[in-house]
Amino acid sequence: MAEKWVKTTVEGFEAWAAEKEGADLHGARILVELADLNRTAELDGELLREILLEDFPENVVAGPDDGPAVLGAARDLVAYLAEGGELDEARVRELQGVIDTVGPEFAEALETSAENDGNAAELFLRMMSADGVDLDDEAAVEAWVHEFEALSDEEKLERTMQQFAADNVVPPVRLAPRAELAAAARASALLTGALELAAWADGRALEEERLAEGDVRAAAEALGLPAAEDGEDLRLERLWDAARHADLIEVDGGRARRAQAPDTADDDAALALWVALFDGVVTREFPEDSALSPLEVCQGELPSVLLHLYEHGSAVPFGELVGGLVEHVQEGYEIADAQTLAQGLPQALRLEADGLLAWGALAEDDDAQTSLTPLGVYAVRELLLADGYTAPLIGDLAEGSAAELVEGLAHHREDTAEQEIGLWLAARSAAEAADGLLEVMREGHPSQRNIAAVVLQQVGQDAEPLVRAALGVRETRPYAAIWLNTHGDEKTTPSEDDLQWMFVDTLAGMIEAVGAHDAVQVALAESEPDTELTELVEAVWRLDHPHVEEVLEAIGDHHHDKELAKIARKAAFKARSK
């Protein structure tokens, strides 16, 4: 029936539009197909808003600039249906009222959709690159797209999530023993409090699926939560949300029902329950168009604060957490009263942190240095994994190849990298370690060679024959000479040519890892253009290094000293011309 209405309406509008100069047949056809009605009488203002603000942005590739044309097509469609007697005057006024007022919201919806389309396009490009597709080869790109479109929805989702995981890697962590974590979960006031609240609330009447105001006070007193002036309502509200999220409390006929709790004597069950409760506490979403209080903004951004602590890996001053949150909110939110919000955020974060301290997720010392507890680290990692992140553990690379070690170390902090390298070296002989690392250095990119060279310096003396043989290979000669010299061979030292080559190689690796601007700032920001540096930049263009031109151009574009930058640009020209 719906197909018949769509066909009849499109054909009728096409004939009508032929007599109306400027009528948008294409736009009207899209709107009709999205409406997919059985009869015209079903088209009302609410449905039209849904089509414009939800269905159209989700299903049609368009940007904010297309909004006026689409709304014009909607006006044409309403005019056609009105002239044909399919809509009465009241319905026409209702539909025209929507079209006249929905413009700003429609433009915003199209802008969000366009951003999402752009993000999706970037994701596909990264997926193609990961599969070795030459993005300049149109035939290869089309073949990849054809193969991807032929996959089932499940396979597409799996491929997409694999790329998301590759794009979103957090630094490795070390977890406490599982039995220790489970014991902490069982003893946590979050788990015991949620179980007590579920038991206390069993059978009580609810107001909109929450405890009535009088019951909130009674529950707080029964559970021994802080007095009202110390945030009683907030603490109990979070505990209620956690218990509901973890399915400890169900709602049946307007009353709370205690659900069957898992056997927390089992370590896995205890940890799974605690993570579910933790998720219910820290994951809160609010309607995009709602006016949020400082507390609600803080609650919505709490996962970002916890991620910062997780990635930092050690204690952070509480004031730094507050400052980072305020800066993020000021940059990312459209706020009418930014000053009031900024003033309210510190107190809001303090309230949230106090709850997480009481529930065993955070720790804080006398100097207000805040960190995740071992249980907090475990829970944050579980939530990251559930969201598709790659969240490695220290020691994951110990049994991997040298190439896997080098790739994985790119995501480590300096402290955890040293731990990972030690575990990897301990799992194999010096000769085996050197053989794998030297292969990476011969075959890999500069960024991979940079990391492998750092690890190679820690390989033991038994690797000497392999390292000495590496003196005969251009990519490994400078690093092999340094290794031999620092391991007792005072006669073997890098030549001037080796040092120049290694300078280019190191900077090329940094450019590959962080981009030209940041690489030059990190490597040469403190380097004044003295005679030695100037002569080095003037000379390296003669090298046979494949990235020498790129390195010289980066120095020319981004070094703070204009004279040295000019010298680098001249040298880059020579490198291109040789």
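Residues numbered from 1 in each chain as written. Predicted model: local features only at pLDDT ≥ 70, side-chain atom pairs only at ≥ 80, totals over all residues. Heavy atoms only, no water.

Caption draft 1: Spotlight on the overall build of the chain. Within the chain, the regular secondary structure consists of 28 helices and seven strands. A compact globule built from 578 residues would reach a C-alpha radius of gyration of about 25 Å, whereas the chain, at 31 Å, exceeds it by more than 25%. Dimensions of the chain along its principal axes, counting C-alpha atoms only, are 95 × 75 × 45 Å. Within the chain, the fraction of its 578 residues that count as buried is 42%. Here the chain has roughly 30300 Å² of accessible surface; of this, 49% comes from carbon and sulfur atoms. Across the chain, 43 positive and 121 negative side-chain charges occur, with their mean positions spaced 2 Å apart. (Helix = DSSP H or I, 4+ residues; strand = E, 2+ residues; numbered from the N terminus. Rg over C-alpha atoms; globule rule 2.2 N^0.38 Å. Buried < 20%, exposed > 50% of the residue type's maximum accessible area, 1.4 Å probe, protein only. Areas by Shrake-Rupley, 256 points an atom, 1.4 Å probe, with all protein chains shown as cover. Lys, Arg positive; Asp, Glu negative; His and termini not counted. Charge placed at Lys NZ, Arg CZ, Asp CG, Glu CD.)

Caption draft 2: How the structure looks around the packing of helix 23 (residues 477–486) against helix 24 (residues 496–514). At their nearest, the axes of helix 23 and helix 24 sit 9 Å apart, and the two run at 115° to each other. Of the possible angle classes, the one that applies to helix 23 and helix 24 is roughly perpendicular. In this structure, helix 23 crosses over helix 24, and the sense of that crossing is left-handed. Each of Arg477, Pro478, Tyr479 and Ile482 in helix 23 lies in contact with helix 24, whose residues at this interface are Asp497, Asp498, Trp501, Met502, Asp505 and Thr506. Tallied by class, the residues present in the contact of helix 23 with helix 24 amount to five nonpolar, one polar and four charged. (Axes fitted to C-alpha atoms, helices over the stretch in contact; angles between N-to-C directions. Parallel < 35°, antiparallel > 145°, perpendicular 65-115°, else oblique. Left-handed = near helix turned anticlockwise from the far one by under 90°. Contact = heavy atoms within 4.5 Å. Nonpolar A, V, L, I, M, F, W, Y, C, P; charged D, E, K, R; others polar.)

Caption draft 3: Layout of the sheet that holds strand 7 (residues 369–372). Taken in spatial order, the three strands line up as 5-7-6 in an open sheet, and their pairing is antiparallel. At either end of the open sheet lies a strand with only one pairing partner, and these are strand 5 (316–317) and strand 6 (362–364). Packed onto the sheet, helix 14 (residues 294–312) meets strand 5, strand 6 and strand 7 and runs at close to 85° relative to strand 7. (Pairing = 2+ DSSP bridges.)

Caption draft 4: The arrangement of the pattern of salt bridges in detail. As enumerated under the stated definition, the model contains 28 salt bridges in all. Across the salt bridge formed by Asp354 and Arg350, the nearest N and O atoms sit 3.0 Å from each other. Placement of the pair is Asp354 and Arg350 together in helix 16 (residues 338–358), with a separation of four residues, close to one helical turn. Residue class for Asp354 comes out partly exposed when judged on its relative accessible area of 30%. Residue classification places Arg350 among the partly exposed residues on the basis of a relative accessible area of 24%. Several salt bridges converge on common partners, so that one network encompasses Arg210, Glu237, Arg238, Asp241, Arg284 and Glu352. (Salt bridge = Lys/Arg side-chain N within 4 Å of Asp/Glu carboxyl O.)

Caption draft 5: Structural detail: the pairing of strand 4 (residues 255–258). Taken together, the four bridges between strand 3 (residues 249–252) and strand 4 define a ladder with antiparallel strand orientation. Residue Asp252 lies in a different strand from strand 4, and its bridge partner there is Arg255. The turn joining strand 3 and strand 4, which pair antiparallel and follow one another in sequence, is formed by two residues; a positive phi near 60° is taken by Gly253.

Caption draft 6: Inspection of the packing of aromatic side chains at higher detail. Throughout the structure, instances matching the rule amount to five aromatic pairs. Ring geometry for Trp16 versus Tyr80: centroids 6.0 Å apart, planes at 55°, classification tilted. With Trp16 in helix 1 (residues 2–18) and Tyr80 in helix 4 (residues 67–83), this residue pair connects regions lying 64 residues apart in the sequence. With a relative accessible area of 13%, Tyr80 lands in the buried category. Ring centres of Phe56 and Phe106 lie 5.8 Å apart, and the angle between their planes is 65°; this geometry places the pair in the edge-to-face category. Pair noted here: Phe56 is in helix 3 (residues 45–59) and Phe106 is in helix 6 (residues 103–130), with a separation of 50 residues, a long-range link. Here Phe56 and Phe106 have matching classes, each one buried. Just above the ring of Phe318 sits the side chain of Arg350; from NZ or CZ to the centre is 4.2 Å. (Phe/Tyr/Trp six-rings, centres within 6.5 Å; stacked < 30°, edge-to-face > 60°. Lys NZ or Arg CZ within 6 Å of the ring centre and 35° of its normal.)

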